[in-house]
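Structural overview for review
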Amino acid sequence: MLRTESPVHAPSWAAEHRDALRAVVAEHGCVLIRGLELPDVAETSAVFERLSNQLVREREPFAPRRTYAGSVYSSTQWPPNQPMCMHHEQSYTLEVPSLMLFACLTPADEGGATGVADAATVIEQLPTELTDRFQREGWLLTRSYNNEIGSSVSEAFGTDDRGAIESYCRANAIEFDWQPDGTLRTRQRRSAVVRHPLTGRRCWFNQIAFLNQWTLAPEVREYLLEVYGPDGLPFDTRFGDGDPIGEDVVQLLNKVYEANTAREPWQAGDLMLVDNIRTAHSREPFEGSREVLVAMADSVRLPDRTPTAEVTAR
């Protein structure tokens, strides 16, 4: 954690200390800055812009966010009483943000911390047999879009036009299947293990646990299965060959994540930078109001992260 001398003009301070902060993130995976007293969206957006090379738009979101000016968002609209377990943002897209920026305008009354975990340490503590399989096969994300749970088609793809959606899917190695009722189902296979582009260290880089049905609260999972069936869940994950991932595997992943999680309760005005490839992040359940702004930046296409699934459009 770094502390600034208050008061400071946050955007000017960010511009002055940009290189030093990014060096800390490169060395440690993340940094929390306290004392900037970020007051609002406008000043926070200015800080995000000065600390990044380029802010990027979110693609294929699995849950809605509120969009502020430019490419600054609210936290994912996820039930406050449900945790968001460890994940790497947009690890299911071909180009991924290498840097995540978070800023707290209003902390929760209780809970709501954004935890972090080192992906290189996590993979070292997982069973070799399991990580070897995921390295060989990758992981499979399945999605069924509806207008009730998760992101709608238009929210995920930015359009309702079938032709544009199909073009996007083909360009991004996503299998798609339009259902008789007009809804869309997709499948995309991605690498689960990558090497960090700067350090070369192997990282457990995916959203296998977070987007798996066994991470959901039991009552939520049972409801979704009853309403949509096992093939119609809003999102789920599998082994790269299509085999289901058992509850025991998901519990193991979350257990290892938890053993390696560091967390600090948010205070108003806090800023945090996270290396999205090296460092997973999470969100605790919370009570009360909570406003944390998010930006994704500096997209990269990792050379060892090529999808292995052959895309077929039906």
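In short, a report on the structure. (Residues numbered from 1 in each chain as written. Predicted model: local features only at pLDDT ≥ 70, side-chain atom pairs only at ≥ 80, totals over all residues. Heavy atoms only, no water.)

A look at the packing of aromatic side chains
Enumeration according to the criterion identifies nine aromatic pairs in this entry. With a centroid separation of 6.0 Å and 75° between ring planes, the pair formed by phenylalanine 62 and phenylalanine 235 is classed as edge-to-face. In this pair, phenylalanine 62 sits in the loop between strand S3 (55-56) and strand S4 (72-74) while phenylalanine 235 sits in strand S14 (residues 235-239), placing the two residues 173 residues apart along the sequence. Given a relative accessible area of 5%, phenylalanine 62 falls into the buried group. An aromatic cluster is built from Phe62, Trp78, Phe210 and Phe235, whose rings are joined through pairwise contacts. The lysine or arginine in question, arginine 133, covers the ring of phenylalanine 239, its NZ or CZ lying 3.7 Å from the ring centre. (Phe/Tyr/Trp six-rings, centres within 6.5 Å; stacked < 30°, edge-to-face > 60°. Helix = DSSP H or I, 4+ residues; strand = E, 2+ residues; numbered from the N terminus. Buried < 20%, exposed > 50% of the residue type's maximum accessible area, 1.4 Å probe, protein only. Lys NZ or Arg CZ within 6 Å of the ring centre and 35° of its normal.)

Comments concerning the nonpolar core
If you look at the biggest cluster of nonpolar residues, it comprises 31 residues, and the most contacted ones within it are Phe62, Phe134, Trp204, Ile208, Leu253 and Tyr257. Elements with a minimum of two residues in this core: strand S5 (84-87), helix H3 (119-125), helix H4 (128-137), strand S9 (139-144), S14 and helix H8 (247-259). If you tally residues by element for this core, the top one is H8, at five residues. Once you skip the residues sitting within four places of it in the chain, leucine 253 turns out to touch Leu126, Leu130, Trp204, Ile208 and Ala209. Judged by nonpolar contacts, the second largest core, of 24 residues, contains Leu21, Phe48, Leu51 and Leu271. (Core = buried A, V, L, I, M, F, W, Y, C linked by side-chain atoms within 4.5 Å. Contact = heavy atoms within 4.5 Å.)

Focus: the packing of helix H1 (residues 10-28) against helix H2 (residues 41-51)
Running from N to C, H1 and H2 cross one another at 30°; their axes reach a closest spacing of 8 Å. One finds that H1 runs roughly parallel with respect to H2. The way H1 lies across H2 gives a crossing that is right-handed. Here Ala10, Pro11, Ala14, Ala15, Arg18, Leu21 and Arg22 of H1 come into contact with H2, specifically with Glu43, Ala46, Val47, Arg50 and Leu51. Of the residues in the contact of H1 with H2, the class split is eight nonpolar, no polar and four charged. (Axes fitted to C-alpha atoms, helices over the stretch in contact; angles between N-to-C directions. Parallel < 35°, antiparallel > 145°, perpendicular 65-115°, else oblique. Left-handed = near helix turned anticlockwise from the far one by under 90°. Nonpolar A, V, L, I, M, F, W, Y, C, P; charged D, E, K, R; others polar.)

Concerning the sheet that holds strand S8 (residues 116-118)
Read across the open sheet, the four strands follow the order S5-S17-S8-S15; overall the sheet is antiparallel. Looking along the sheet, the strands with just one partner apiece sit at the ends: S5 and strand S15 (261-262). Sheet topology note: the S8/strand S17 (residues 279-283) ladder contains three bridges and is antiparallel. The residue of S17 that forms the bridge with valine 116 is histidine 281. (Pairing = 2+ DSSP bridges.)

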